[in-house]
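# Per-entry structural report
Below are the chains, spelled out letter by letter.
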Amino acid sequence: MRKIDIGKLAPANHRVLRDMNEIMVLNVIRERQPISRIEIAELTGLEGSTVSKIVARLVLDNLILEEGVGEASPKGGRKKRFLHINPRKACAIGVDLRPSGYAVALSDFTGKILHATELESRSDPQDAMAEIALSIRELHRAYCSETIEGIGVSLVGLVDPKEGRVLAGEGLGWGEDVPVGSMLRAALGMDLPVYYENGAWLGALAEIWFGKHKRPPSNLVFLDVEEGIGAGIVIQGQLYHGSCHGAGEFGHISLNPEGPLCSCGARGCLEAYAADPATVRFYEDRRRSKQDPGEPGASATIVDVVARALEHEPEAVDAVQNTAAFLGRGLVPVIYSVNPELIVLGGPVTRAWDLIYPVMMHELSLRASRFYLDHLSLTRTTLEARPSLVGAIALVLARSFAVPTAIWTDEFA
Ligand SMILES: [Zn+2]
């Protein structure tokens, strides 16, 4: 049960109750579209007349459309009319900032990405924001004749979601305490709401809103394996923030106190063994040991290593499976502390899923209780675009659906 904060009480007036039913219907339409009024009434338990009134209001607000005529009943009853979310109600912008590069995408109101642009990373945050602002303006001009609902920004490291400051972490190469939010707003010169969050958390949000799962997961960990390793934790349908907005840094679970140095300054963290740079380093060491010492070795990227693993190059297979073994070990404390029903992995290495999944499961089976594993699914992301980019869009659009329990915190309430 969620404890009520009596410092923030407000009576549930008629308007609130009306809104709650409206929100419920809107979300049923979003998840089950196309859907008829009768089906909505059956699913929500609301009276048919109440559903009709709510639907009329939602159509008037342009949030939903009524289209497509279903089969008439054999007894000659009225034909069914189907409801769905109006994709042209508004657009949303997602911005994904990573050390390796940036992505800017424009979606319709259902979250479908209409166009995305990739940008190279910049050493100066002001230059980066100027270029991103230019991309946003171009996308808006070319692909969206509606209003922009807002901009969601995915960042690396500890993020202050109100100001868009990157508080700690050298992830983007811009130093500490960088006011990314105010820089972007100044460069944009448009009066739009801008929201910020850590990329791994946005991956979790994206899986909840847009993931293709058999049923919506309520306890989920999204583990993002990229230049670093971070996680978004969803508990009982809500994204868990922690006391200073720092939850989910599983990349710094120590696997070996004598191990390699990690970016955090400690030794033997999961990240130092299993993030992309470690996978590439392992691969290059293997290659070097087989090469002529005089032969120059071309440096590989994580994308190369994964592609070569999929082509069965032995050193590349070893590299991704070595990473998988450490990921399996690193997931043990995650499973015991969070007890999720679903762990979703994102990042380039997950493209070699058939090579890494059995290794992770083997490591887990050696270390975690059968009982926990029987209640757990481990999958790769079900999203087609980068989860953090999709999550940045979800961060904007979720507000229109107003019961985003995954991000229901006081700052959004
Ligand atoms: Zn560390």
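These numbers come from a predicted model, not from an experiment.

### Some details on the nonpolar core
Counting 99 residues, the largest nonpolar core has Val153, Leu205, Val320 and Ala394 as the members making the most contacts within it. Looking at which element gives the most residues to this core, the answer is helix H10 (residues 314–338), with eleven residues. A domain-level breakdown of this core finds at least three residues from each of domain 2 (91–204) and domain 3 (215–381). If we ignore the near neighbours within four places in the chain, the residues touching alanine 394 are Gly111, Leu205, Ala206, Trp209 and Phe210. The next biggest cluster of nonpolar side chains, apart from the first, holds twelve residues, and it includes Leu26, Ile35, Val51 and Ile64.

### So, unusual backbone geometry
Following glutamine 33, the chain continues to proline 34 via a peptide bond in cis, the omega torsion being -5 degrees. Along the chain, proline 34 turns up in the loop between helix H1 (14–32) and helix H2 (37–44). You will see that histidine 312, though not glycine, has its phi angle at about 70 degrees, which is positive.

### Thoughts on the sheet that holds strand E10 (residues 194–198)
The strands making up a sheet are joined through hydrogen bonds of the backbone, oriented either antiparallel or parallel. The five strands lie next to each other as E5-E4-E3-E6-E10, forming an open sheet whose pairing is mixed. Every interior strand has two partners, whereas the edge strands, strand E5 (113–119) and E10, have only one. Taking each pair of neighbouring strands and ignoring which way they run, the sheet shows an average axis angle of 15 degrees. Pairing of strand E3 (residues 91–98) with strand E4 (residues 101–107) involves seven bridges; the strand directions are antiparallel. Paired with aspartate 96 across the strands is alanine 103, a residue of E4.

### Considerations on helix H5 (residues 180–188)
Those residues of H5 lying buried are Val180, Gly181, Met183 and Leu184. The buried residues of H5 all sit within an arc of 165 degrees when viewed along its axis, so they share a single face. Looking one or two places after H5, you find glycine 189, whose phi comes out positive at around 65 degrees.

### Points about the sheet that holds strand E15 (residues 377–380)
As summarised here, the arrangement of the five strands in space is E13-E12-E11-E14-E15, forming an open sheet in which the pairing is mixed. Two strands in the sheet have a free side with no partner beyond their single neighbour: strand E13 (238–239) and E15. Its contacts with the sheet put helix H6 (residues 199–210) on strand E11 (220–225), strand E12 (229–235), E13 and strand E14 (342–346), and the angle it makes with E12 is roughly 45 degrees.

### Some remarks on the confidence of the model for the chain
Confidence along the chain averages 87 in pLDDT terms, with 87% of residues attaining 70 or more. Confidence over residues 404–413 falls short of pLDDT 50; this stretch has 19 contacts with residues more than four positions distant or in other chains.

### Quick word on helix H13 (residues 387–401)
Compared with an ideal rise of 1.5 Å per residue, which puts 15 residues at 21 Å, H13 spans 20 Å between its outermost C-alpha atoms and is within 8% of the ideal. The largest bend in H13 is about 35 degrees, located at leucine 395. Taken as a whole, H13 has its buried residues at Pro387, Ser388, Leu389, Val390, Gly391, Ala392, Ile393, Ala394, Leu395, Val396, Leu397 and Ala398.

### So, the pairing of strand E6 (residues 148–155)
Every other side chain in a regular strand lies on the same face of the sheet, so the side chains alternate between the two faces. Of all eight residues making up E6, six are buried, and the element is well covered by its neighbours. As paired elements, E3 and E6 share five bridges and run parallel to each other. Paired with isoleucine 93 across the bridge in E6 is isoleucine 151. Where E6 and E10 come together, five bridges link them in parallel fashion. Paired with isoleucine 151 across the two strands is valine 194, which belongs to E10.

Here is what the cut-offs are and how they apply
Each residue is numbered by its place in its chain's sequence as written, counting from 1. In keeping with the predicted nature of the model, local features appear solely for residues at pLDDT of at least 70, side-chain atom pairs appear and are counted solely at 80 or more, and the whole-chain, interface and lining totals rest on all residues. Core membership is restricted to buried Ala, Val, Leu, Ile, Met, Phe, Trp, Tyr and Cys residues, and these are joined into a nonpolar core through C-beta atoms within 7 Å. Buried means a residue has 20 or more other C-beta atoms within 10 Å of its own C-beta, exposed means 12 or fewer, and partly exposed covers the counts in between; C-beta atoms are placed from the backbone. The secondary structure listing takes helices from DSSP runs of H or I that are at least 4 residues long and strands from runs of E that are at least 2 residues long, numbered from the N terminus. Note that domain bounds follow an automatic or database assignment of domains. Placing C-beta atoms from the backbone, we regard two residues as in contact once those atoms come within 7 Å. Only strands joined by at least two bridges in the DSSP assignment are considered to pair. Helix axes are fitted only over the stretch in contact, all axes being lines through C-alpha atoms; the angle between N-to-C directions runs from 0 to 180 degrees. By construction, the arc corresponds to the directions joining the helix axis to the C-beta atoms. The pLDDT value expresses, per residue, how confident the predictor is, ranging between 0 and 100. Every helix has an expected span of 1.5 Å times one less than the residues it contains. Think of it this way: the bend at a residue is just the angle between two axes, each fitted to seven residues, one set ending at that residue and the other starting at it.

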